[in-house]
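# Architecture at a glance
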Amino acid sequence: MSASLFIIFFVFAFLGVPIAVALLAAAIVPLYFFTTTAMTVVPQRVFVSMDSFSLMALPFFMIAGGLMAEGGVSRRLVNFANSIVGGLPGGLAIVAFVASAFMGAISGSATATVIAIGSIVVPAMIEAGYDKRFAVTTCSVAGFLGTIIPPSIPMVTYSVTTGASTGDVFSGGIIPGCILVVLMSIWSFSYGKRHVKTNFKFSLYEVFRTFIKAIWSLLMPLIILGGIYGGIFTPTEAAAVACLYGLLVGFFIYRELTLKKLYKVMKDSVVSASMVMFIVAAAAAFGFVMTKASIPVKMSNWIISITDSKILLLLLINLLLLFIGTFMETNAAILIVAPIFIPICEAFGIDLVHFGVMMIVNLSIGIVTPPLGVNLFVGAKLIEGLTVKDVINRHLFIYIGLALIGLLIITFVEGTVLFLPNLVK
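So, a few notes on the structure that sits alongside this text. (Residues numbered from 1 in each chain as written. Predicted model: local features only at pLDDT ≥ 70, side-chain atom pairs only at ≥ 80, totals over all residues. Heavy atoms only, no water.)

## Quick notes on the overall build of the chain
Helix and strand counts for the chain come out as 22 helices and 0 strands. Relative to the globule expectation of 22 Å for 425 residues, the C-alpha radius of gyration of the chain, 21 Å, shows essentially globular dimensions. With respect to the principal axes defined by its C-alpha atoms, the chain has extents near 70 × 45 × 45 Å. Relative to its 425 residues, the chain shows a buried fraction of 55%. If you take every contact in the chain between residues at least 6 apart in sequence, the share linking residues at least 24 apart comes to 78%. (Helix = DSSP H or I, 4+ residues; strand = E, 2+ residues; numbered from the N terminus. Rg over C-alpha atoms; globule rule 2.2 N^0.38 Å. Buried < 20%, exposed > 50% of the residue type's maximum accessible area, 1.4 Å probe, protein only. Contact = heavy atoms within 4.5 Å.)

## Observations concerning helix α12 (residues 204-229)
The end-to-end C-alpha separation of α12 is 32 Å, well short of the 38 Å expected for 26 residues at 1.5 Å each. At A214, α12 shows its maximal kink, close to 55°. Residues of α12 that are buried include every one of V207, T210, A214, S217, L218, M220, P221, I224, L225, G227 and I228, and no others. On its buried face, α12 is in contact with α4 (57-70), α5 (73-85), α6 (91-107), α10 (166-172), α11 (174-195) and α13 (235-253). Downstream of α12 by a residue or two, G231 has a phi angle that is positive, lying close to 75°. (Expected span 1.5 Å × (residues − 1). Bend = angle between axes of the 7 residues up to and from the residue.)

## Description of the state of the cysteines
Evaluated as defined, the whole model comprises 0 disulfides. As a non-bridged cysteine, C139 has C178 as the owner of its nearest cysteine sulfur, 19 Å distant. By relative accessible area, C139 is classed as buried at 2%. (Disulfide = S-S within 2.5 Å.)

## Comments concerning the packing of helix α9 (residues 153-162) against helix α17 (residues 330-348)
It is at 9 Å that the axes of α9 and α17 come closest, and there the two elements cross at 35°. Crossing angle aside, the handedness with which α9 passes α17 is right-handed. Here I153, P154, T157, Y158, T161 and T162 of α9 lie close against α17, whose contacting residues are T330, N331, I334, L335, A338, P339 and I342. (Axes fitted to C-alpha atoms, helices over the stretch in contact; angles between N-to-C directions. Left-handed = near helix turned anticlockwise from the far one by under 90°.)

## Concerning the side chain of H354
The residue H354 is located in helix α18 (residues 352-367) in this model. The exposure class of H354 is buried, given its relative accessible area of 1%. In this structure the side chain of H354 is engaged in a polar contact, spanning 3.2 Å, whose partner is the backbone oxygen of T411. Look past the residues within four positions of H354 in its chain and what remains in contact with it is I410, T411, E414, V417 and L418. (Polar contact = N/O pair within 3.5 Å; in protein donor to acceptor, adjacent residues only side chain to side chain.)

## Quick notes on the environment of V391
Topologically, V391 is positioned in helix α20 (residues 388-391). Looking at V391, the relative accessible area reads 1%, which means it is buried. If we ignore the near neighbours within four places in the chain, the residues touching V391 are V136, T137, S140, L376, A380 and L396.

## Comments concerning the environment of N199
Within the secondary structure layout, N199 lies in the loop between α11 and α12. On the basis of relative accessibility, which here comes to 77%, the residue N199 falls in the exposed class. Remark: the alpha-carbon pair of N199 and L88, spanning 111 residues in sequence, is separated by 9.8 Å.

## Quick notes on the pattern of salt bridges
By the definition in use, this model includes 7 salt bridges. We note a salt bridge from R76 to E256, for which the minimum N-O separation is 3.1 Å. Remark: E256 occurs in the loop between α13 and α14 (259-292) and R76 occurs in helix α5; sequence separation between them is 180 residues. Assessed through its relative accessible area of 22%, E256 is described here as partly exposed. Note that E206 and R209 form a salt bridge whose closest N and O atoms lie 2.6 Å from each other. (Salt bridge = Lys/Arg side-chain N within 4 Å of Asp/Glu carboxyl O.)

## Brief notes about a nonpolar patch on the surface
Residues W302, I306, I311, L312, L315, L316, L319, I405, L408, I409, F412 and V413 make up a contiguous nonpolar surface patch of roughly 1,100 Å² in combined accessible area. Elements that contribute at least two residues to the nonpolar patch include exactly α15 (295-306), α16 (310-325) and α21 (394-412). The element that contributes the greatest number of residues to the nonpolar patch is α16, accounting for 5 residues. By the secondary structure assignment, I311 is in helix α16. (Patch = residues over 30% accessible without salt bridge, like charges linked within 9 Å, V, L, I, M, F, W, Y side chains within 5 Å. Areas by Shrake-Rupley, 256 points an atom, 1.4 Å probe, with all protein chains shown as cover.)

Below, the structure written as structure tokens:
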């Protein structure tokens, strides 16, 4: 039963069948042939999994991110980031990472961050003398910060799946996100110093001016996290408040949001949310069959029997998650893998918030790792005539190497994740 569950899923996935359909097929076939369970349990599990107040945060955060992106937020964030670090060697490349961190705090999506920031920064980098392949690779990699800096859609998925506090996971991602920004900026700085000259000069007045223009954008994550930790509203209610805030900023403050743009945001958000919710529903049926086959317990016992070293265990988990992240959609990977690792975390005393951020960083690195790195395909579309092969270059692998260094810091220094949640509490 266990073998057929995973064989069917991987065969379907590698054939190009949508992940949700592959999950449903992998759940239905073993359940039908190897158990006497009534098949009505599958639609029941599918419905119950989606009938969740917490999961309503997903479409709301998607809509909020879309409203802010279409409402002129990304340009103001880029200008603000440029006023701070634009004068450094490789300044515009560093701007891509800083602005993507800001944008990640609004959109919660890696691909949305690539499009919103890359469409502005890439042309500016090329005009300033950066190699176009370096420019596109930099913005493609920077986009993965969208899933690490809160609010993050994968963080909501992880919290719903494991029962970990959404607010704690959100705040736990802030320092790791900043660590990754600094590490990525090292190569940008090095490249810029050797290849690009800049006449940009730092100005406190310019920082203040761009900050005033961007302040309404920067307030949104503060409202979300402040409201959650202040007990004013739940994460789901925070997402709804973020939508209302996005409407007010887009229509009445920046005045760049139109009814046509609003329709586009709603349509795109509905499509994206439907895809994610379909995966959530299918993963619930898949998880039910996994539990029935005792796979989480068996996997936990097997891994525990291999080693009693927490350090070795974390290294093994990181390797497995990095591999999974290269070929599986982030939310689907969380829904499938997280329940397997919960018993292991409990056995080794690993904090679920720390593990959750570690898992999301792992899977986010997969978003920019060949052969199926989604951000690479999105980034290649930023310049006409560019292909994914152009984005896969030495700059990409240097960035991935720096991200892996950050992952090791996050994995073995728990304080990088748990400091802020503990401080707030």
